[in-house]
Every structure is written in structure tokens, then in C-alpha cells.
Amino acid sequence: MSFNLQSYLQAQGNKISAVFNEFLSERDGASQLIQAMSYSFLAGGKRIRPILCLAAVDTVGGDEEIALPAAFALELVHTYSLIHDDLPAMDDDELRRGVQTCHVRFNEATAILAGDALLTLAFEVLANAGMTNGPSAIKWLGITKILAERAGCTGMVEGQMRDILSEGKLLSVDEMKKLHALKTGALIEASLHIGAIVGGASPEQTRHLRRYGRKIGLAFQITDDILNVNGDPKLLGKAVGSDAEKLKNTYPSLLGVDVSLSLVRELIGEALHSLETFNKKALPLIEIASYIAQRNR
Ligand code: IPE
Ligand code: IPE
Ligand code: MG
Ligand code: MG
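Position numbers for residues start from 1 in each chain and track the written sequence from start to end. Note on labels: chains are lettered from A, ligands numbered from 1, in written order. Thresholds applied to this predicted model are a pLDDT of at least 70 for local features of residues and 80 or more for the giving and counting of side-chain atom pairs; totals over whole chains, interfaces and linings are not thresholded and use all residues. Hydrogens and water are ignored here; the side-chain numbers use all heavy atoms of the structure.

S.K.: Looking at this structure, how should I read the coordination of the magnesium ion (ligand 4)?
M.R.: Think of it this way: four donors in a tetrahedron around the metal ideally sit 109.5 degrees apart, and six in an octahedron ideally sit 90 or 180 degrees apart. The magnesium ion (ligand 4) binds to the protein through Asp85 (OD) and Asp91 (OD), with metal-donor distances spanning 2.1 Å. Atoms of type N, O and S within 2.8 Å of a metal are treated as its donors, and for Na, K and Ca the window is 3.2 Å; water is not considered, so some sites may appear to be missing partners. In this structure, the magnesium ion (ligand 4) is positioned 3.1 Å from the magnesium ion (ligand 3), and both are ligated by Asp85. For each residue, the accessible area found with a 1.4 Å probe, counting protein chains only, is set against the maximum for its type, and the residue is called buried under 20%, exposed over 50%, and partly exposed in between. What makes Asp85 buried here is its relative accessible area of 12%. Its relative accessible area of 11% is what places Asp91 among the buried residues.

Set out below in C-alpha cells:
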């Protein structure tokens, strides 16, 4: 049977929405905070980080079901990062995931708090997973540490800081690569790393999966920046042209679209190389790598 990436992405993404809906069913739907969290979480993101996490589990022959809380936690952190990224003090964007950004739909204070609550919930979810999986509690502690490190001041948040501080300044390609690796690569690599751990990967398999994550992570952000130049806002569900307006340091602004595109292809090639030691279970990861280079949303 042939592999259909679109149905795979849809089905895997639905699993993450289902976990959120389960969470919602136990919360006060009248709360403005819950409404704002839910608004952004269920707005229709691609769910690429949790999907990568589950695919890594599968690739090493692990149990996806056990990994669901980890995959969910990754998407919670990612959604919080987008809500805060869009705030007036950050990128000041009004459209996200095809709908008004959280602070436009509600208000700034609510968006800040919804982000805070999504981030906190991620760690509650991981703690619960550790407590209900007694014998592997230590594994869940390790996963918690990776997520905290890669999301926080040694990962995504530091990348966001550099992104903001470098607006209007010209970075070197190396500085920009580091910025991208932190703001976007860190959480994507963590998705693969966490999947490897839950799936019971060997140290060598973990190394390969993390390298794959670093390569597609950078390719993902370069593609995001290319789409900000030449993408279709209707498909993207967010504004285009905003990076140039804010004098952001991006690959296309520094090197042009064509060089950026060839770098993406190179990175995908390197990512695929990291998967060569795996059997056919790596097919979803292989297909996702190509999708990242060709995506239009
Ligand atoms: C957008 O991430 C922000 C970046 C780190 C490039 P996604 O493109 O994964 O956004 P959603 O989750 O699909 O909305
Ligand atoms: C977002 O980067 C990275 C995050 C950590 C949220 P961008 O600011 O370039 O992403 P978009 O284009 O707003 O999605
Ligand atoms: Mg930003
Ligand atoms: Mg932004």
C-alpha cells in the first residue's frame, strides 16, 4: 500500500487535537482563559512537532500511544510561543493559523496569560505522564528536562530574544544560523529527541534522529522566511512581507530566495542521509523532510 502523506499528517494531527479536547472537557468552558487557549490551540496548526515526535517513536519501534503526552506537550509549548510571538511587543501580527491572532481576538492581557497557561500546562502534562508511568518516571523527568532546556533560555526563548534584538541590524550568516537553530531548530530537534527517548532508541539511533531534527529544523525556518517573501497569505494563514517590514534577519534577505532554496534542498539531503540506517518505518520521516522543503503553508 502506498503512503499518503496528507492523510498521515491529518490523522496524526487529529490525535493531538483529540488530547486537547479531552483536556477541555474537564475544564470550565466559560473561562476566558480556557477560551483563549482553546481558540489558538484549535485554530488549525500543522502540528508538525508532535507529528515528528510520534514518527520518531514509530521509526524506532516504540509505542505511539505512550508518547502522546509528550507530543501534546510539544504542541502546547509551540502554540504558546506563537501567541507571544504575535504580540504587539514582539512581531505585532494580526493573523495566525488563518484567524485573528489571540491578542486581536481577545486582548493583550488575555493572550499573554493564555500563552503562560499553555506553557505551564505542558509541564503539568509531562509530570502527570511520569506519575502514571511509575517504572519509567525517570524517563519522563529526562523528557521534561529536554523540553525545558530547548524551549527556554538555552533554546527557543533565547532565539526569540536574538530575533528581536537583531531587528534592523545586519547579522553574519553564522549568527543568523544560530538564531534560527535556537528559535525554531531547538523545539524541532527536541521533538525528535523526545520521540527517540520514549520510543527506546539506542544512543546511535538518537544521534541520527537528532541530526535529522537539526537539519529539517533549519530548513523549516528558512522555508518559513521564503514563504514570508513569496507565499500566499490565504494558504499560509498569516501575513507575508512582514519580515522585510521589520528588518528581520532572514536567509532570503541576506542571501536571496534562490540561494535560500538551494540551502533548503541541501539540508533536506543531509536530513535524509541521517535516516539511512533505519528500516522502512522511517518512511513518514522521509516524506516529512521532502514536505518541509515544498510546503506552501
Ligand atoms: C511557525 O510554525 C513558526 C515557526 C517556528 C516557523 P509552524 O509553521 O509550525 O506553525 P503552525 O503550528 O503550523 O501554525
Ligand atoms: C517564530 O518565528 C518562531 C517562534 C519561536 C514562535 P517567526 O516570527 O519567524 O514565525 P512566524 O512567521 O511569525 O510564524
Ligand atoms: Mg518572530
Ligand atoms: Mg512572527
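Still more ground to cover, so stick around.
S.K.: What exactly am I supposed to notice about empty space enclosed by the protein here?
M.R.: Where empty space is left in the structure can be found by rolling a water-sized probe over the atoms. Grid spacing is 1 Å over the protein atoms alone, the probe is 1.4 Å, and a cavity is where that probe fits but cannot get out, while a pocket is an open set with protein on both sides within 12 Å along at least five of seven lines and lining residues have an atom within 4 Å of a point. Grid points are joined across faces, edges and corners, and a volume is the space filled by probe spheres set on the points. As enumerated under the stated definition, the model contains 2 cavities of 30 Å³ or more in all. In this model, the largest cavity occupies a volume close to 90 Å³. Taken together, 13 residues form the lining of the largest cavity, with Ser40, Ile83, Asp86, Arg96 and Arg97 sitting closest to its centre. Those elements that provide at least two residues to the lining of the largest cavity are helix 2 (32-41), helix 4 (64-85) and strand 2 (99-100). For the lining of the largest cavity, the element with the most residues is helix 4, which contributes 3 residues. Within the lining of the largest cavity, the residues separate by chemical class into 6 nonpolar, 4 polar and 3 charged. Here the lining of the second largest cavity is composed, by residue class, of no nonpolar, 3 polar and 5 charged. Helical segments are the DSSP runs of H or I of at least four residues, strand segments are the runs of E of at least two, and each set is numbered from the N terminus. In this classification, Asp, Glu, Lys and Arg are treated as charged, Ala, Val, Leu, Ile, Met, Phe, Trp, Tyr, Cys and Pro as nonpolar, and every other residue, Gly included, as polar.

S.K.: So what exactly am I meant to see when it comes to helix 15 (residues 283-294) here?
M.R.: Quick reminder: α-helices carry 3.6 residues per turn. Residues three or four places apart thus point the same way. The end-to-end C-alpha distance of helix 15, which contains 12 residues, comes to 17 Å, matching closely the 16 Å that a straight helix rising 1.5 Å per residue would cover. The set of residues buried in helix 15 consists of Pro284, Leu285, Ile288, Ala289, Tyr291 and Ile292. Buried residues in helix 15, looked at end-on, bunch into an arc of 165°, giving them a common side. Packing partners of the buried residues in helix 15 comprise helix 1 (5-25), helix 3 (48-59), helix 9 (173-199), helix 10 (203-230) and helix 14 (257-273). To estimate how far a helix should reach, multiply one less than its number of residues by 1.5 Å. Directions are taken from the helix axis to each C-beta atom, and the arc is the one they span. Any two residues having at least one pair of non-hydrogen atoms within 4.5 Å are treated as being in contact.

S.K.: Please clarify how the pattern of salt bridges should be interpreted in this entry.
M.R.: When the charged atoms of two side chains lie near each other, side chains of opposite charge can form a pair. Note on definitions: salt bridges are taken to be side-chain nitrogens of Lys or Arg within 4 Å of carboxyl oxygens of Asp or Glu. On inspection of all chains with the given rule, the structure shows 18 salt bridges. Note that Glu75 and Arg47 form a salt bridge whose closest N and O atoms lie 3.1 Å from each other. Here Arg47 lies in the loop between helix 2 and helix 3 and Glu75 lies in helix 4, a separation of 28 residues in the sequence. Judged by relative accessible area, which is 5%, Arg47 ranks as buried. Notably, a salt bridge pairs Arg210 with Glu189, separated by 2.8 Å at the nearest N-O pair. Of this pair, Arg210 sits in helix 10 while Glu189 is found in helix 9, placing the two residues 21 residues apart along the sequence.

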